[in-house]
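Structure assessment
Here's the letter readout for the chains.
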Amino acid sequence: MPNISRRHVIATALPAIAALPLLAISARRARAATHRVEIKGFAFSPASLNVAVGDSVVFTNRDSAPHTATALDGSFDTGTIRRNKAVQVTISAAGTHGYRCKFHAAMKATLTAG
Ligand SMILES: [Cu+2]
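The structure reproduced in this document is the subject of the present report. Residue indices begin from 1 for each chain and proceed along its sequence in written order. Whole-chain, interface and lining totals are the exception, using all residues; otherwise, since this is a predicted model, local features are given only for residues with pLDDT of at least 70 and side-chain atom pairs are given and counted only at 80 or more. Excluding hydrogens and water, the side-chain figures rest on all heavy atoms present in the structure.

Observations concerning the packing of aromatic side chains
In this scheme Phe, Tyr and Trp rings, the latter by its six-membered ring, pair at centre separations within 6.5 Å, and the angle between planes marks the pair as stacked below 30 degrees, edge-to-face above 60, and tilted otherwise. With the rule as written, the count across this model stands at 4 aromatic pairs. Judged by centre distance (4.8 Å) and plane angle (70 degrees), the rings of F44 and Y99 are edge-to-face. With a gap of 55 residues between them, F44 in strand β2 (residues 44-45) and Y99 in strand β7 (residues 95-100) connect regions that are remote in the sequence. The exposure classification of F44 matches that of Y99, with both residues buried. Note on F59 and Y99: the rings are 5.6 Å apart at their centroids and 75 degrees apart in plane angle, and the pair reads as edge-to-face. In this pair, F59 is assigned in strand β4 (residues 56-61) and Y99 in strand β7, connecting sequence segments 40 residues apart. Exposure class is identical for F59 and Y99. Each is buried. Feature note: the residues F44, F59, F76 and Y99 constitute an aromatic cluster, connected by ring pairs. The helix and strand labels rest on DSSP assignments: H or I over at least four residues marks a helix, E over at least two residues marks a strand, and numbering proceeds from the N terminus. Three labels apply to residues, based on accessible area from a 1.4 Å probe with only protein chains included: buried if under 20% of the type maximum, exposed if over 50%, partly exposed otherwise in between.

Section: the pairing of strand β3 (residues 48-51)
Every regular strand shows the same layout, with side chains that alternate between the two sheet faces. Residue alternation in β3 divides its side chains into a buried set, L49 and V51, and an unburied set, S48 and N50. Relative to strand β8 (residues 108-113), β3 is paired through 4 bridges, and the arrangement is parallel. The partner of S48 across the bridge, within β8, is T110. In short, DSSP must find at least two bridges between two strands for them to pair.

Remarks on the sheet that holds β2
Strand order in the open sheet formed by 4 strands is β2-β1-β4-β6, with mixed pairing between adjacent strands. Edge positions in the sheet fall to β2 and β6 (86-90), since each of these pairs with one other strand and no more. Across 2 bridges, strand β1 (residues 34-39) lies against β2 in antiparallel orientation. The residue of β2 that forms the bridge with I39 is F44.

Right, dumping it as structure tokens:
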């Protein structure tokens, strides 16, 4: 059996122990994802989206008309998004949030945060 010195064991273990808090931080950050919703032809795509609480959603307006993505329960609101502009919101409330465009009542979609 090889004779591994105590110094060698410590030198090997220390970097791994030092990296642990760093790994915990990066795992936490990796959990918050960014999702994308395109607004095109007076419709949200995808019309139904599942996210995790804390995730972000970027709404991009591909129409010439201005739109909003406004949650019916008030949990998020992009405000007016003009042509080819994007607005990012963070989803902080769990549950199923119906949302619509304030200007066009027929534009409806659903975002579920779990
Ligand atoms: Cu609209």
